[in-house]
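# Inside the fold
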Amino acid sequence: MRSALRNVADGGRRRVNYVVERIRNLVQFQLEQLIVRGALSRLFVIAMAMGLLSLIAGLLVYYWVDSFNDAGASIWWAFLHLTDSGYLGDDEGTLLRIVSTFMTIAGVVLFVGALIAIMTQWLNETIDRLEQGFTPIAQNNHVLILGWTNRTAVMVEQLMIAEGRVQRFLRRHGAGKLKIVILADRVGPELVQELKDRLGQLWNPRQITLRSGSAMRLEHLLRVDYLHAAVILLPSSEFGVGASAPDELTIKTLMSAGHSNTGIASEKLPLMVTELFDADQLRAARRAYPGPAEMIGTGLLISRLMAQNSRHRGLSSVYTELLSEGGNQIYVRDYKEFIGKPLAALAEAFEHAVLLGVTRQQEHKFVPLYSDPDYVLAENDRLALVAEDFDACVIRRGFKPGEQPVATHELARTQQTQTRRVLLLGWNQKVPALIREFDAYKREPVVLDIVSLVPPEDREKQLARRGIIPQHAQLRHLEGDITSRFEVSAFEPGTYDNIILVASDWLGTAEQADARSLLGYLILAEVLDEAQAAPPILVEAMSADNTGLFSAPNVELLVSPDLQSHMLTQVALRRELHWVMEELFGASGAEISFRAVAPEDVNHETLSFRQLQRRLALKGEILLGWMHHSDKGSEVLLNHPKKDEPIHLHADDELIVLDVI
């Protein structure tokens, strides 16, 4: 019986303890929910605690101390001690002083300490939220960059230093000052610091705004006011994604931006300059965005540059000058006075520039000089020229169209039959386009051996999915590690005509990719030291900071991210430049190449740039400049500033021409 009663009592205590514990947990949970909701909820909790303490202390002194005749006055006395410690010295009596001391200490903790802590935390959270960039902006005619990649800081720098192009761009859009807005997945101090490190003195927080968000979500695009942007740049990420993922994400972003549901007509949407690695996706991308757009297959263009550079050693220096700030660049300009004039008759219209051709607005096309001898300039046609700056593209004094008639297409090309053997080290998402490019040179047989750790069957599947079936180039897939001296030497690299070392985009960063390329290059150089010949080596680098590490007479460097970034920024500021690039760097169009100096032109005392221009025009070639070779190295000299004065060519020099036939 006693055992049963004891069990009943224990059960009752357990139930009571359970109920008490549950009530305590409930109160604790509700209190926690109030505290974590935000600064206002925390202030409410502190206010309730202060009110409760004031009530208890006030009633205590009211009933136990004779100094107060009114409960309200005692509660007010407790509240004043809780909020202001200066009342402590006016109290008399032991109990009153004990209560007032306790209330003063509690006030320091609750009213001062907790309040300061809450306000400080709220201020930090507010600043952190503002720094993360979740606040929508209201801008007009700004340059919007969607996404943060390894090239975003480079693109911002190129926009900041392209003063002349930017000013003309702003005038066309009625804007006063360049404003750049960047939408990144997550904005933080590290992104801001990367911009500061890259821009240096160019850094201006009033011109550059960062916002957090995904470019694939319409509400995040509205956060950066994309509908009122002058131009939108949409680069692709080269690292951390699969072979097809970058283009898939890009097309999804295009569809989000093109379907804003705001009632804006498609022709009123901002110009979208988009980068795609797979040229096969260009048409799909164009369908995804109904507004004005320039879809640039940068992977294809870089592959064309690498293929052409392997055929014409030294072209990397020409590309670097034409596609980067400083030196001679490509400009597009209106010349209303030439409307109705034959294009071929304008070859000598400029003293400080070289005419390349004309851009046709109606067809979004570039027509090279001499490609069509009957072409006549129409309304809205613009001339494309190579010059040091925009102001140098002025018509020379006294020029009259037609005063120098040009006979074009006089000489036929000789077909090259010698087979070129090319060793390609590495594999990335540009290689399929590079294979297709080599296969497009029908007059030049190529044997292309590809060495990579990617299994040959995987490479063949990638090519098959893109419909790349070489018809003219002979392709061999070899499995090997470019960082293994034993395996590299087994391929006998000294027996090839050209060696191309491509960057590994499957690594995490540009620094890691260049570190692997550098190790492969050093091993390759060691192997070639033991060979009888050292063929030309073309290295693809991912960061300009590492260019000095690849230094040898037979080595050329293409910093592909910088070239890709400059293509995007140039086209964003002048969309016609895309049409020029497509023509100049394509296999089927005009081609930049080298020509040997004729023996009679070596050290000629009266030979001028203008005379060479006329002579090469008979072959359908545009003289751009020449490359001077000496013991100190090679130097590219484009667009000679004084075209009628004598130039002195040496036997080892090479003419740089644009072959349009």
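Residues numbered from 1 in each chain as written. Predicted model: local features only at pLDDT ≥ 70, side-chain atom pairs only at ≥ 80, totals over all residues. Heavy atoms only, no water.

### What about unusual backbone geometry?
Positive phi outside glycine occurs at Asp 225, with the angle close to 55°. Mapped onto the elements of the fold, Asp 225 is located in the loop between α8 (218-223) and β4 (231-234). Accessibility expressed as a relative area gives 14% for Asp 225, which makes it buried. One non-glycine residue, Asn 603, lies in the positive phi region at around 55°. When its relative accessible area of 46% is taken as the criterion, Asn 603 is described as partly exposed. (Helix = DSSP H or I, 4+ residues; strand = E, 2+ residues; numbered from the N terminus. Buried < 20%, exposed > 50% of the residue type's maximum accessible area, 1.4 Å probe, protein only.)

### Quick look at empty space enclosed by the protein
Scanning all chains against the criterion turns up 4 cavities of 30 Å³ or more. Within this model, the largest cavity holds a volume of roughly 100 Å³. Taken together, 12 residues line the largest cavity, and the ones lying closest to its centre are Ala 347, Glu 348, Leu 369, Tyr 370 and Gln 613. Mapped by element, the contributors of at least two residues to the lining of the largest cavity are β8 (353-360), α19 (609-617) and β18 (621-630). (1 Å grid on protein atoms, 1.4 Å probe; cavity = no way out; pocket = protein on both sides within 12 Å on 5 of 7 lines; lining within 4 Å. Points joined across faces, edges and corners; volume = space filled by probe spheres on them.)

### Here's the deal with the layout of surface pockets
Reported here for the largest pocket is a volume of approximately 700 Å³. Together, 32 residues line the largest pocket, and Ser 316, Ser 317, Thr 320, Glu 556 and Leu 557 are the ones closest to its centre. Taken together, the elements giving at least two residues each to the lining of the largest pocket come down to α5 (152-161), α12 (315-322), β16 (555-559), α17 (560-573), β18 and β19 (633-638). Among the elements that line the lining of the largest pocket, the one with the most residues is β16, at 5 residues.

### Considerations on the sheet that holds β4
Spatial ordering of the open sheet is given by β3-β2-β1-β4-β5-β6, a layout of 6 strands whose pairing is parallel. Because the sheet does not close on itself, it has two edges, and the strands there are β3 (208-212) and β6 (293-296). Direction aside, the axes of adjacent strands within the sheet are offset by 15° on average. Relative to β6, strand β5 (residues 271-275) is paired through 4 bridges, and the arrangement is parallel. Looking across to β6, one finds that Val 273 is bridged to Glu 294. Docked against the sheet, α5 engages β1 (143-146), β2 (180-184), β3 and β4, running at close to 175° with respect to β2. Packed on one face of the sheet, α17 meets β4, β5 and β6 and runs near 165° to β5. (Pairing = 2+ DSSP bridges. Axes fitted to C-alpha atoms, helices over the stretch in contact; angles between N-to-C directions. Contact = heavy atoms within 4.5 Å.)

### Overview of the sheet that holds strand β7 (residues 329-334)
Here 4 strands make up an open sheet; going across it, the order is β7-β10-β8-β9 and the pairing antiparallel. Because the sheet does not close on itself, it has two edges, and the strands there are β7 and β9 (365-368). Averaged over all pairs of adjacent strands, the angle between their axes in this sheet comes to 35°, without regard to strand direction. In this structure, β8 lies alongside β9, joined through 4 bridges in antiparallel fashion. Across the sheet, residue Arg 360 finds its bridge partner in β9, namely Lys 365. Sitting on the sheet, helix α18 (residues 576-584) is in contact with β7, β8, β9 and β10 (382-387), with an inclination near 55° to β9.

### Observations concerning a nonpolar patch on the surface
Together, Leu 52, Leu 55, Ile 56, Leu 59, Leu 60, Tyr 63, Trp 64 and Leu 95 give the surface a local cluster of nonpolar side chains, amounting to about 840 Å² of exposed area. For the nonpolar patch, the leading source of residues is helix α2 (residues 39-64), giving 7 residues. The topology assignment puts Leu 55 in helix α2. (Patch = residues over 30% accessible without salt bridge, like charges linked within 9 Å, V, L, I, M, F, W, Y side chains within 5 Å. Areas by Shrake-Rupley, 256 points an atom, 1.4 Å probe, with all protein chains shown as cover. Salt bridge = Lys/Arg side-chain N within 4 Å of Asp/Glu carboxyl O.)

### Structural notes on the environment of Tyr 331
Along the chain, Tyr 331 turns up in strand β7. Using a relative accessible area of 6% as the deciding quantity, one classes Tyr 331 as buried. Along the sequence, Tyr 331 and Gly 620 sit 289 residues apart, while their C-alpha atoms lie 21 Å from each other. With residues up to four places along the chain from it excluded, the contact list for Tyr 331 reads Arg 165, Arg 168, Leu 383, Ala 384, Leu 385, Ala 387, Glu 388, Asp 389, Phe 390 and Cys 393.

### Topic: the packing of aromatic side chains
Under the criterion given, the structure shown has 5 aromatic pairs. A ring pair is formed by Tyr 521 and Phe 550, whose centres lie 5.4 Å apart and whose planes are at 55°; its orientation type is tilted. One end of the pair, Tyr 521, is in helix α16 (residues 510-529); the other, Phe 550, is in the loop between β15 (537-541) and β16, and 29 residues separate them in sequence. Note on accessibility: Tyr 521 and Phe 550 belong to one class, buried. A network of ring pairs unites the aromatic residues Tyr 335, Phe 338, Phe 350 and Phe 399 as a single cluster. The positively charged end of Arg 311 is found above the aromatic ring belonging to Tyr 441, 4.0 Å away from the centroid. The side chain of Arg 421 reaches across the aromatic face of Tyr 496, ending 4.1 Å from its centre. (Phe/Tyr/Trp six-rings, centres within 6.5 Å; stacked < 30°, edge-to-face > 60°. Lys NZ or Arg CZ within 6 Å of the ring centre and 35° of its normal.)

### Comments concerning a negative patch on the surface
A cluster of like negative charges, contributed by Glu 457, Asp 458, Glu 460, Glu 479 and Glu 487, occupies part of the molecular surface. Of all the elements, helix α14 (residues 456-465) adds the most residues to the negative patch, at 3 residues. (Lys, Arg positive; Asp, Glu negative; His and termini not counted. Charge placed at Lys NZ, Arg CZ, Asp CG, Glu CD.)

### Structural notes on the confidence of the model for the protein chain
Low pLDDT marks regions whose predicted coordinates should not be analysed in detail. Summing up the model confidence of the protein chain, the mean pLDDT is 84 and the portion of residues at 70 or higher is 90%. When the criterion is pLDDT under 50, residues 404-415 qualifies, and its contacts beyond four places in sequence or with other chains add up to 27 contacts. (pLDDT = per-residue confidence, 0-100.)

### Some words on helix α11 (residues 298-311)
Relative to the 20 Å expected for 14 residues at 1.5 Å per residue, α11 spans 20 Å between its end C-alpha atoms, a close match to the ideal helical length. In terms of burial, α11 is a largely internal element, 14 of the 14 residues being buried. (Expected span 1.5 Å × (residues − 1).)

### A few points about α12
Buried residues dominate α12, accounting for 6 of its 8 residues. Restricting attention to buried positions, one finds in α12 the residues Leu 315, Ser 316, Val 318, Tyr 319, Glu 321 and Leu 322.

### Observations regarding the pairing of strand β20 (residues 654-659)
Counting buried positions along β20 gives 5 out of 6 residues, so the element sits mostly inside the fold. Judged from the 6 bridges that link them, strand β17 (residues 591-596) and β20 form a sheet pairing that is antiparallel. Paired with Ala 596 across the two strands is Glu 654, which belongs to β20. Sheet topology places β18 next to β20; 6 bridges connect them, and they run antiparallel. If you follow Trp 626 over to β20, its bridge partner there is Leu 655.

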